[in-house]
Amino acid sequence: MKMLIRILLFFCIIPIIISISNQEDLTISTYSHIACLILNPARQHLIDFIHINSTSIYQTFTTSNMTIELCFRLCRRTLILINSNHTNCMCLYTINTRYQLHAQLGELLSVNNCSSNALEIYSLSNDFNILPSLSTIYDWSFDGCYYLHGIQNYHPNALLTNEEYTQAIISCRERCQTLRKTGDFSFILSLKKSCYCLPIMSSKTILHTAVRKPLIHCSFLPYLKDSFSNSFNYSEVHSDTAVKIDVQHSCLSTFTYDRSLSLCLKLITARPRNFYSKTNPWTTCIPMLIKTFEQWKQLQSYSFVSNRRNFLWIDRNSTYIFDDLLPSKNISVPTDDLCIVKTQLKLDQLPSVDLLPCSTAFLSDYFLCVQKPLQTISEDNPELQTIQKNEQLPIVDNISCPIDFVSFNNMCYYVLPSFVYDIQSGEEHCSRKYSNSSLVKLNSHEWGNINGTEFLGRTPDDILLEFFYYQLEITSKSILRNVTSKKHWLRLLVGEKTSLNECVLRYFTRASGAFTILHRCADGGHPVCQCQPIQRNISKIILNKQTAVNILELNITTESTTTTIPTLVNSTTQLNISASDPVPDEDLYDNETRIDFKLDNNTSVHRNSLYSRYRPFLMISLAALLTPIIFIIGTLFFVRHIRRNHRSYSIDNNAISSSQRTRRSSTRTTSEDQSSTPTVVYTKLKSSPPSTTIDTDMSHPFDESIHVDDQIQLLPELITQATFSAENEQQFPPSTFQSSKKK
């Protein structure tokens, strides 16, 4: 029973251990494949090269172990791009909408039409944008989740503490829209519902320290909360956590922006022919390109005028119209005079659709005027084109890493699953794992990972820490530790380039959402090893033709060469960021989150012997295993003891009863009296005949010194008879029985 209780408690504790583990903040498990993207030839370099510059509007990473979850974690965005082989991941920091992707990068395809050379687009929701459509001339998009150190020192533009987050984000947008008048703008809504319109106007020092946080930390926003299945305790998050929202002024004041079509729409009355291409910009219309059923379906949801003909100028390349909707229509009209005409005479009837020249419209008809959004960015965007040679590196193919090492950005890394406690031990473990490997040494140790004035990419060292942490989580899933109930049991031990003999511990903290720094390696951490990749074996096949018995034989000779690949040298952009962790309560010294790795006086013994550190856990595990065994053995002995006591009690009663009957009998025993006594005394296991006499001292009827033949199995019922026969022999010697027989 006790063992059953222990097992139940063990399984009940497992969810608690998982829930308090900090690494679950970084986990991304819910996402959707929403579209594919064919890059324009001028944009192909975005995915074909490695881009790590943190001041760029995009970053690209590559690894042989790339997954969708890892890509989300590296970008910390709601939208990611990954190639079909799932080796290259691209993060976009200023492109948030469908239209921006189409205008700046290439052609969007539906999931069903994805090709092998297309990039896959994944989102935390079922759409490009997690925020609902405004159905106005404006559109907005979620930029990211941030920790802005010291933002509470700035005066907010509005305090919305009395409103729910859904209403607070709307009120903050309206407030900033009033202040900014027109054009695009951004605003921040903090966890404490403080509204800040960007840029922050203040005489104080501009914020430079910021962290791009895991998105679950901003799931207090209802639109983002739906993307995460697990609940989150916001009391553990720093109050300087905030969401950043970008607002785009998309259309003129008389139009309405349609997010799905990425177009501005307006229903106007008909004008003389060619009005739609020659009037002023306020009424200039463009032909609409309809290539998919989804576009046509979204167009049908627009409110047209009933009992009137509604014209829509379409592009000649609208394949859905000519191939699927109206394949039989083939009219010979100029390509710039094709219109789809939709007419609905009654509300309860389906509208009719026809293909007519736009010039046939009457003054009583209506035109659906289409315009591109105002924020049309040229494909020759200098931010996308201007790339310095030292900011992009080619992705080297045909490389391999030593066993257990994983490639990332043309380097090989390995995270040791066990703890070490100084930099020398870390170097020794790395060299033992692979002779050419060494301990990773970062350029700088800063908890901030972005520039707070630009909100762009993460620093290269912070990206590496995210990758190391992900690999450590995968390695440690199958390792049972006695520290899994602690928050910071995943700690990375790395070196410093500025001080070769110093090492630091880096681990993720929930409050700031950053990888904090601890200059106390004696607490132990997982060392991270690195080495240069080697080129895979390239086989040169030499065909030697040999004729034997009219059969052509191929003699294949393989020559293998191994070369060293140039390494990727990480260059971290120096930022004006404080090196101190702003959240001291997340340090290991804190009573809530500290890990008790106390060393005895003999510190060297503890460091050199992992067994001594895990001895308590081993003893507890051994005790848990031995407890049920001891319990079962004890139960067996207890049952045996009860049976023996019961047997002894039965034997004692039979002996007393026999003695009393003997005293009442006469001094001479007849043959009839003797025959009435049971004669079966033993049951032999072997074929030898049973013994006719038992030499038992009745003064000691239960003396264990009495020899018993090991060939005879004594049954409980027969022991009683044996005792009774022995008692008769004591009162009537064998001579008495013999004389009686003679008579």
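Here's what I pulled together on the structure shown here.

Scoring rules and cut-offs
In every chain, residue numbers begin from 1 and rise along the written sequence. A pLDDT threshold of at least 70 governs which residues receive local features in this predicted model, and a stricter bar of 80 or more applies before side-chain atom pairs are shown or counted, although totals over entire chains, interfaces and linings include all residues. Note that the side-chain values use all heavy atoms of the structure and ignore hydrogens as well as water. Under the scheme used here, helices are H or I runs from DSSP no shorter than 4 residues and strands are E runs no shorter than 2 residues, and both carry numbers assigned from the N terminus. Here a polar contact is taken to be a pair of N or O atoms separated by no more than 3.5 Å, where protein atoms must pair a possible hydrogen donor with a possible acceptor and residues adjacent in sequence count only if both atoms sit in side chains. We call two residues in contact whenever any of their non-hydrogen atoms come within 4.5 Å of each other. Stacked, edge-to-face and tilted labels apply to pairs of Phe, Tyr and Trp rings (six-membered ring for Trp) whose centres lie within 6.5 Å, assigned for plane angles under 30 degrees, over 60, and everything in between, in that order. Only protein chains enter the accessibility calculation, which uses a 1.4 Å probe; a residue whose area is less than 20% of its type maximum is buried, one above 50% is exposed, and one in between is partly exposed. Definition used: whenever NZ (Lys) or CZ (Arg) falls within 6 Å of the ring centre and also within 35 degrees of the ring normal, the charge is taken to sit over that ring. By convention in this document, the label disulfide applies to cysteine sulfur atom pairs within 2.5 Å. A pair of strands is considered paired only if DSSP assigns at least 2 bridges between the two. Lines are fitted to the C-alpha atoms to define the axes, a helix being fitted only along its stretch in contact, and any angle between axes, read from their N-to-C directions, falls within 0 to 180 degrees. Under the convention used throughout, the expected extent of a helix is 1.5 Å for every residue step, that is, one less than its residue count. The working definition used for a salt bridge is a side-chain nitrogen of Lys or Arg within 4 Å of a carboxyl oxygen of Asp or Glu.

Here's the deal with the side chain of serine 437
Positionally, serine 437 belongs in the loop between helix H11 (423-433) and strand S24 (438-439). A polar atom in the side chain of serine 437 sits 2.5 Å from the backbone oxygen of cysteine 430. When residues no more than four places from it in sequence are discounted, the contact partners of serine 437 are Phe405, Cys430, Ser431, Cys529, Gln530 and Cys531.

A word on the packing of aromatic side chains
Summed over all chains, the structure comprises 20 aromatic pairs. Relative to phenylalanine 455, the ring of tyrosine 146 lies with its centre 4.9 Å away and its plane at 75°, an arrangement referred to as edge-to-face. In this pair, tyrosine 146 sits in strand S8 (residues 138-148) while phenylalanine 455 sits in the loop between strand S26 (450-451) and helix H12 (460-476), placing the two residues 309 residues apart along the sequence. Taken as a pair, tyrosine 146 and phenylalanine 455 share a single burial class, namely buried. When the ring centre of phenylalanine 455 is taken as reference, the NZ or CZ atom of lysine 244 above it lies at 5.4 Å. For lysine 433, the ring lying beneath its charged end belongs to tyrosine 414, and the centroid distance is 4.8 Å.

What about the state of the cysteines?
Taken as a whole and judged by the stated rule, the model has twelve disulfides. Between the sulfur atoms of cysteine 71 and its disulfide partner cysteine 89 the distance amounts to 1.9 Å. Every disulfide takes its handedness from the sign of the S-S torsion; for cysteine 71 and cysteine 89 that torsion is 75°, giving right-handed. Of this pair, cysteine 71 sits in helix H3 (residues 68-75) while cysteine 89 sits in strand S5 (residues 88-92), and the two are 18 residues apart along the sequence. For cysteine 71, a relative accessible area of 0% corresponds to the buried category. Each sulfur of the disulfide joining cysteine 251 and cysteine 264 lies 1.8 Å from the other. Disulfide cysteine 251-cysteine 264: torsion about the S-S bond near -85°, hence left-handed. Taken together, the residues cysteine 251 in the loop between strand S13 (241-249) and strand S14 (256-258) and cysteine 264 in strand S15 (residues 263-269) connect sequence positions 13 residues apart. For cysteine 251, a relative accessible area of 1% corresponds to the buried category. Here cysteine 264 falls in the buried class, since its relative accessible area comes to 1%.

Quick notes on the sheet that holds S26
Read across the sheet, seven strands follow the order S9-S11-S10-S13-S8-S12-S26 without closing on themselves; strand pairing throughout is antiparallel. For this open sheet the edge positions go to strand S9 (158-159) and S26, each flanked by a neighbour on one side alone. Pairing geometry for strand S10 (residues 185-190) and strand S11 (residues 194-198), over four bridges, is antiparallel. Counted as the bridge partner of leucine 189 is cysteine 195 from S11. Sitting on the sheet, helix H5 (residues 165-180) is in contact with S8, S9, S10, S11 and S13, with an inclination near 145° to S10.

Description of the pairing of S13
The buried fraction of S13 amounts to nine of the nine residues, a majority that puts the element mostly inside the structure. Every second residue of S13 is oriented toward a common face, with Thr241, Val243, Ile245, Val247 and His249 on one face and Ala242, Lys244, Asp246 and Gln248 on the other, all of them buried. Summarising the sheet, S8 and S13 pair through nine bridges and their orientation is antiparallel. Of the residues in S13, the one forming a bridge with tryptophan 140 is valine 247. In the sheet, S10 pairs with S13 via six bridges, with the strands oriented antiparallel. In the sheet register, phenylalanine 187 faces S13, and the bridge partner there is isoleucine 245.

Points about H12
In an α-helix there are 3.6 residues to a turn, and that puts residues three or four apart on one side. In this model H12 runs 24 Å from its N-terminal to its C-terminal C-alpha over 17 residues, within 8% of the 24 Å that 1.5 Å per residue would give. Burial of H12 is extensive: 15 of the 17 residues sit out of reach of the surface.

Concerning the pattern of salt bridges
Evaluation of the coordinates by the stated rule reveals 18 salt bridges. The shortest N-O distance in the salt bridge between arginine 77 and aspartate 143 comes to 3.7 Å. Of this pair, arginine 77 sits in the loop between H3 and strand S4 (79-82) while aspartate 143 sits in strand S8, and the two are 66 residues apart along the sequence. According to the relative accessible area criterion, arginine 77 is buried, its value standing at 2%. Classification of aspartate 143 by relative accessible area gives buried; the value is 3%.

Examining the sheet that holds strand S19 (residues 366-371)
Spatial strand order, S14-S15-S19-S16-S17-S18: six strands in an open sheet with mixed pairing. Of all the strands in the sheet, just S14 and strand S18 (352-357) have a single pairing partner and so form its edges. Across this sheet, the average inter-strand angle for adjacent strands is 30°, counted without regard to direction. Relative to S19, strand S16 (residues 309-313) is paired through two bridges, and the arrangement is parallel.

None of the figures reported here should be taken as evidence of function without further support.
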